Amino acid sequence: KFTPSATGLGLQTAVLTITDNSGGCPSCFVNQTVNLSGTGTDFSISVSPPTKQTVSPGKVALFTLLLTPESGFSGSVTLGCSIISGPINGTTCTVPAGTVTLSGIQKHIAVSVKPKKGTYTLQFSATYTATPPSVGTFFHTATAQVISK
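Here goes a summary of the coordinates provided. Remember, it's a predicted structure, so these values are computed and weren't measured experimentally.

### A closer look at the overall build of the chain
Consideration 1: Scanning the chain from N- to C-terminus turns up zero helices and eleven strands.
Consideration 2: Counting from the amino terminus, the chain carries its helices and strands in the arrangement β-β-β-β-β-β-β-β-β-β-β.
Consideration 3: With respect to the three principal axes, the spread of C-alpha positions in the chain is 80 × 30 × 20 Å.
Consideration 4: A burial count over the chain gives 28% of its 149 residues as buried.
Consideration 5: Contacts in the chain between residues at least 24 apart in sequence constitute 65% of all its contacts with a sequence separation of at least 6.
Consideration 6: Accessible surface, the chain: about 8,900 Å² in total, of which carbon and sulfur atoms supply 54%.

This is the structure:
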């Protein structure tokens, strides 16, 4: 089994060496090598400034997520929003576009947060799961803060 790890973007190369005894001699081993190459792609998620906002309780704070494909990334990314600190007291975080398709250009996604009184740290997530024959999952996050007083 060969399981490569993601080590970077752009052109990646490796050599796979297999030792076998296929020549008919059980004690004779021969190395077979295969040169491998491929292009690593990915995407990033960030929050467009300001990443910290202050609003009155019950009012909406709007954040803009930036999804940026890197090295030719193309695929459907699932978005999410969660409150990772602060009082969980009816505050909502809504990502209207649950899935976004990236294909070479940066996407801007509006996210609304309607806080009750308190200070909240939000985590925005973006997940891509490859479809066969490709394998792997990319999971990236970005954070922001909203203060409601």
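### Notes on the sheet that holds strand 10 (residues 118-129)
Consideration 1: Spatially, five strands are ordered 4-11-10-6-8 in an open sheet, and the strand pairing comes out mixed. Of all the strands in the sheet, the pair left with one neighbour each is strand 4 (52-55) and strand 8 (99-103). Each neighbouring strand pair of the sheet contributes to a mean axis angle of 30°, computed without reference to strand direction.
Consideration 2: Relative to strand 10, strand 6 (residues 74-85) is paired through seven bridges, and the arrangement is antiparallel. When the bridges of strand 10 are listed, Thr78 appears paired with Thr127.

### With respect to the packing of aromatic side chains
Consideration 1: The tally for this structure, following the rule as stated, stands at six aromatic pairs.
Consideration 2: Centroid distance Phe63 to Phe124: 6.0 Å. Interplanar angle 50°. Geometry classified as tilted. Taken as a pair, Phe63 in strand 5 (residues 61-70) and Phe124 in strand 10 lie far apart in primary sequence, 61 residues in all. Of the two residues, Phe63 and Phe124, both sit in the buried class.
Consideration 3: Their ring planes at 85° and their centres at 5.0 Å tell us that Phe73 and Tyr128 sit as a pair that is edge-to-face. Taken as a pair, Phe73 in the loop between strand 5 and strand 6 and Tyr128 in strand 10 lie far apart in primary sequence, 55 residues in all.
Consideration 4: On the accessibility criterion, Phe73 (2% relative accessible area) is buried.
Consideration 5: Ring pairs connect the aromatic residues Phe43, Phe73, Tyr128 and Phe138, which therefore count as one cluster.

### Here's the deal with the state of the cysteines
Consideration 1: Under the definition given, this model contains one disulfide.
Consideration 2: Note on cysteine connectivity: Cys81 is disulfide-linked to Cys93, with sulfurs 1.6 Å apart. For the disulfide bridge between Cys81 and Cys93, the dihedral angle about the S-S bond is near 90°, and by the sign convention the bridge is right-handed. With a gap of twelve residues between them, Cys81 in strand 6 and Cys93 in strand 7 (residues 92-94) connect regions that are remote in the sequence.
Consideration 3: Taking relative accessible area as the criterion, Cys81 reaches 21% and is therefore assigned partly exposed.

### Examining the sheet that holds strand 7
Consideration 1: Read across the open sheet, the four strands follow the order 3-5-9-7; overall the sheet is antiparallel. In the strand order of this sheet, the two ends are held by strand 3 (42-47) and strand 7, each with one partner. When the angles between neighbouring strand axes are averaged without regard to direction, this sheet yields 20°.
Consideration 2: Relative to strand 5, strand 3 runs antiparallel, the two sharing six bridges. Bridge pairing in strand 5 places Val47 opposite Leu65.

Reading the values: rules and limits
Residues numbered from 1 in each chain as written. Predicted model: local features only at pLDDT ≥ 70, side-chain atom pairs only at ≥ 80, totals over all residues. Heavy atoms only, no water. Helix = DSSP H or I, 4+ residues; strand = E, 2+ residues; numbered from the N terminus. Buried < 20%, exposed > 50% of the residue type's maximum accessible area, 1.4 Å probe, protein only. Contact = heavy atoms within 4.5 Å. Areas by Shrake-Rupley, 256 points an atom, 1.4 Å probe, with all protein chains shown as cover. Pairing = 2+ DSSP bridges. Axes fitted to C-alpha atoms, helices over the stretch in contact; angles between N-to-C directions. Phe/Tyr/Trp six-rings, centres within 6.5 Å; stacked < 30°, edge-to-face > 60°. Disulfide = S-S within 2.5 Å.

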